[in-house]
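# An overview of the molecular structure
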Amino acid sequence: MASTTSNQRNVVFVDGIRTPFGKAGPKGIYADTRADDLVVKAIRELMRRNPQLDPARIDEVAVAATTQTGDQGLTIGRTSAILAGLPETVPGFAIDRMCAGAMTAVTTTASGIGFGQYDVVIAGGVEHMGRHPMGEGADPNPRFLADKLVDPSALVMGNTAENLHDRFPSITKARTDAYAVNSQNKYDAAKKAGWIADTLVPVATRSGAGWGLATEDEPPRPGTTLEDLAKLKTPFRPAGRITAGNAAGLNDGATAAILAGEDTARELGLPIGMRMVGFAFQGVDPAVMGIGPVPATEKVLARTGLSIDDIGLFEINEAFAVQVLAFLGHYGIADDDPRVNQWGGAIACGHPLASSGVRLMTQLSHQFAQHPEVRYGLTTMCIGLGMGGTVIWENPNFEGDK
């Protein structure tokens, strides 16, 4: 009997794009913009930027959303593909892993590429938290609490971040505020250098005031000081440590990326931004979900035979500053290590839940181009209900062996 197995092949990140991120709510830039239209804009921009890619060659469109209802429902991967004008032969599906939705859209479709069943895919995510707050319409099983399967704090992300502070008392509010100020400053510097704009597609918006054009992120607060942050309220606990200043906000936005087999990318003349080395997801106690990136990273390092010392660039999602500092502390990395979040992070630019994984990847691929001396980088994030996810990438521009 003939073998039906396929040889594993290299998976590459070709290109990524995102909409500017907005503030959720009636005053946000996307208050009157549909979530699926944000995804469509990102997909269309990917196709515009890569005209050598025949849309008929796309084998799958995977789009993540945490709250899959309304304009984020109805199998949004398929509907957004149709709305973006891709051929009707291009299938699509929706996916949910809360904050790591887009990351999981990437790793799931990448697995299909590696196995030889896809050649080219589009993967991304969207979250319109103004229209669909996290948990909208959800009905958590009462046994979670009645059977003490999780601590009551596990269902509120801000409470889990306070719990993480309890677990690591050396991570003080002063340290998280200092980290947050640094994130704002790094983002502002990257924006002024033009690096952020290169990853954005402008989006036409409509409101009661008329038409507008979103060309930059709405959440950043340039010029933020430690004194500013010290005055903020701690909504999750009296005299707590989590504030609106050292955590990501509630945001709207979408991301999308093209992935391909390296052989297909070369055949079609597509750019190669980075190669996937490995990935891992790992569960943790939901009450301290912010620690999730640590065991996920340990897992993928073990699988790939790499060590943390091999990683030259880190893109860590800043859901909460304490979560990033817990990760860095585990590996003995300084709070202000220049390898970490070189362009700032979600504390500055925002975190529209399911979309953020591809933002991390897009930025890392651009940073790889800027740093040919770096061979490996990683993207990692904590995930609601107690998980972490990490993807390790290789820089195709690496010059160390030349």
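Counting of residues starts from 1 at the beginning of each chain's written sequence and follows it residue by residue. Totals for whole chains, interfaces and linings use all residues, but because this is a predicted model, local features are given only for residues with pLDDT of at least 70 and pairs of side-chain atoms are given and counted only at 80 or more. Only heavy atoms go into the side-chain values, all of them from the structure, while hydrogens and water stay out.

### Here we look at the overall build of the chain
Our working rule: For the purposes of this entry, the term helix denotes a DSSP run of H or I that reaches at least four residues, the term strand denotes a run of E that reaches at least two, and both are numbered from the N terminus. The globule rule used here is 2.2 Å times the number of residues to the 0.38 power, and the radius of gyration it is set against is calculated over C-alpha atoms. To sort residues, take the accessible area from a 1.4 Å probe on protein chains only and compare it with the maximum for the residue type: under 20% means buried, over 50% means exposed, and anything in between is partly exposed. Values of accessible area rely on a 1.4 Å probe in the Shrake-Rupley scheme; residue burial ignores everything except the protein chains shown.
Within the chain one finds 12 helices and 12 strands. Here the C-alpha atoms of the chain give a radius of gyration of 20 Å, agreeing with the 21 Å that 2.2 N^0.38 yields for 402 residues. Across the 402 residues in the chain, those meeting the buried criterion constitute 57%. Carbon and sulfur atoms form 53% of the exposed surface of the chain, whose accessible area is close to 16,300 Å².

### Considering the nonpolar core
How we decide: Nonpolar cores were defined as sets of buried Ala, Val, Leu, Ile, Met, Phe, Trp, Tyr and Cys residues, with membership established by side-chain atoms within 4.5 Å. Note on definitions: a residue-residue contact is assigned when non-hydrogen atoms from the two residues lie within 4.5 Å.
With 40 residues, the main nonpolar core has Phe 314, Phe 320, Leu 328 and Ile 392 as its most contacted residues. Among the secondary structure elements, those contributing two or more residues to this core are helix H5 (157–167), helix H6 (173–192), helix H9 (293–304), strand S10 (311–316), helix H10 (321–330) and strand S11 (376–383). Among the elements that make up this core, the one with the highest residue count is H10 (7 residues). Aside from chain neighbours lying at most four places away, what touches Leu 328 is Ile 316, Ile 333, Ala 334, Asp 335 and Val 340.

### Re the layout of surface pockets
If a probe the size of a water molecule is rolled over the atoms, the empty space left behind becomes visible. The condition that has to hold: Points on a 1 Å grid, built from protein atoms alone, make a cavity when a 1.4 Å probe fits but cannot get out and make a pocket when they are open with protein on both sides within 12 Å along at least 5 of 7 lines; residues with an atom within 4 Å of a point are the lining residues. Grid points are joined across faces, edges and corners, and a volume is the space filled by probe spheres set on the points. Think of it as three bins: nonpolar holds Ala, Val, Leu, Ile, Met, Phe, Trp, Tyr, Cys and Pro, charged holds Asp, Glu, Lys and Arg, and polar takes everything else, Gly as well.
There is about 570 Å³ of room inside the largest pocket. In terms of lining, the largest pocket is formed by 28 residues, of which the most central are Met 129, Ala 247, Ala 248, Gly 249 and Leu 250. If you list the elements that add at least two residues to the lining of the largest pocket, you get H5 and helix H11 (346–349). Taken together, the residues of the lining of the largest pocket sort by class into 21 nonpolar, 5 polar and 2 charged. Looking at the second largest pocket, its volume works out to about 450 Å³. As for the second largest pocket, its lining consists of 14 residues, of which Met 98, Met 134, Gly 135, Ala 138 and Leu 385 are closest to the centre. Counted by class, the lining of the second largest pocket contains 8 nonpolar, 3 polar and 3 charged residues.

### A closer look at the packing of aromatic side chains
Keep this limit in mind: Side-chain rings of Phe, Tyr and Trp (the six-membered ring for Trp) are treated as a pair once their centres are within 6.5 Å; stacked means planes under 30 degrees apart, edge-to-face means over 60, and tilted covers the remaining angles. Here, over-ring charges are defined by two tests on the NZ atom of lysine or the CZ atom of arginine: distance to the ring centre within 6 Å, and angle to the ring normal within 35 degrees.
Using the criterion set out here, one finds 5 aromatic pairs in the structure. With a centroid separation of 5.8 Å and 25° between ring planes, the pair formed by Trp 195 and Trp 343 is classed as stacked. Placement of Trp 195 in the loop between H6 and strand S6 (203–207) and of Trp 343 in the loop between H10 and H11 is noted, with a sequence separation of 148 residues between them. A residue is classified by how much of its surface remains accessible, and Trp 195, at 34% relative accessible area, is partly exposed. Taking relative accessible area as the criterion, Trp 343 reaches 2% and is therefore assigned buried. An aromatic cluster of three or more residues is present, and its members are Phe 314, Phe 327 and Tyr 331. Lying across the ring of Phe 21, Arg 18 places its NZ or CZ 4.3 Å from the centre.

### Structural notes on the pairing of strand S4 (residues 92–95)
Our working definition: Only strands joined by at least two bridges in the DSSP assignment are considered to pair. Orient the strands so they point away from the viewer; a crossover is then right-handed if the path from the first strand over the helix to the second runs clockwise.
Examined bridge by bridge, strand S3 (residues 58–64) and S4 share 4 bridges and lie parallel to one another. Pairing of Ala 62 across the sheet is with Phe 93, part of S4. In this region the chain leaves S3, passes through helix H2 (residues 76–83) and returns to the parallel neighbour S4; the handedness of that crossover is right-handed.

### A word on H10
In terms of burial, H10 is a largely internal element, 8 of the 10 residues being buried. Looking only at H10, the buried set comprises Ala 321, Val 322, Gln 323, Val 324, Leu 325, Ala 326, Phe 327 and Leu 328. Check the buried side of H10 and you find it contacts H5, H6, H9, S10, H11 and S11. Phi turns positive one or two residues past the end of H10, at Gly 332, with a value near 70°.

### With respect to helix H1 (residues 35–49)
Working note: α-helix, 3.6 residues per turn, so residues spaced by three or four point in the same direction. Cut-off, in case you're wondering: Expected span of a helix, by definition, is 1.5 Å for each gap between consecutive residues, and there is one gap fewer than residues.
With 15 residues, H1 should reach 21 Å at 1.5 Å per residue; the first-to-last C-alpha distance of 22 Å fits that figure. Buried within H1 we find Ala 35, Asp 36, Leu 38, Val 39, Val 40, Ala 42, Ile 43, Glu 45, Leu 46 and Met 47. Buried residues belonging to H1 abut strand S1 (11–18), S3, H2, strand S5 (120–128), S6 and strand S8 (251–261).

### Some points on the confidence of the model for the chain
To keep it simple, the criterion reads: Per residue, pLDDT measures the predictor's confidence, with a range of 0 to 100.
Per-residue confidence for the chain gives a mean pLDDT of 95, with 98% of residues at or over 70. Low confidence marks residues 1–5, where pLDDT is under 50. Its contacts with residues over four positions away, or in another chain, come to 0 contacts.

### Brief notes about the environment of Arg 78
Position of Arg 78 relative to the elements: it lies in helix H2. For Arg 78, a relative accessible area of 27% puts it in the partly exposed group. Sequence spacing of Arg 78 and Ala 321 is 243 residues, and the spatial spacing of their C-alpha atoms is 35 Å. With sequence-adjacent residues up to four places away left out, Arg 78 is seen in contact with Glu 88, Val 90, Pro 91, Gly 92 and Phe 93.

### Overview of the pairing of strand S7 (residues 210–214)
A regular strand places its side chains on the two faces of the sheet in alternate fashion. In terms of strand pairing, S6 meets S7 through 5 bridges, oriented antiparallel. Directly across from Arg 206, in S7, lies its bridge partner Trp 211. Two successive antiparallel strands, S6 and S7, enclose a turn made up of 2 residues.

### Some words on a nonpolar patch on the surface
Worth spelling out the cut-off: Here a patch means residues that are over 30% exposed by relative accessible area and free of salt bridges, tied together within 9 Å if like-charged and within 5 Å if nonpolar (Val, Leu, Ile, Met, Phe, Trp, Tyr). Throughout this description, the term salt bridge denotes a Lys or Arg side-chain nitrogen within 4 Å of a carboxyl oxygen of Asp or Glu.
Together, Phe 144, Leu 145, Leu 149, Leu 155, Val 156, Phe 236 and Leu 385 give the surface a local cluster of nonpolar side chains, amounting to about 590 Å² of exposed area. Note on placement: Leu 145 falls in helix H4 (residues 143–146). Under the relative-accessibility criterion, Leu 145 is labelled partly exposed at 40%.

### Re the environment of Gly 28
When you line up the elements, Gly 28 lands in the loop between strand S2 (22–23) and H1. Between the C-alpha atoms of Gly 28 and Gly 130, which are 102 residues apart in sequence, the distance is 7.9 Å. Apart from the residues within four sequence positions on either side, Gly 28 is in contact with Lys 23 and Glu 218.

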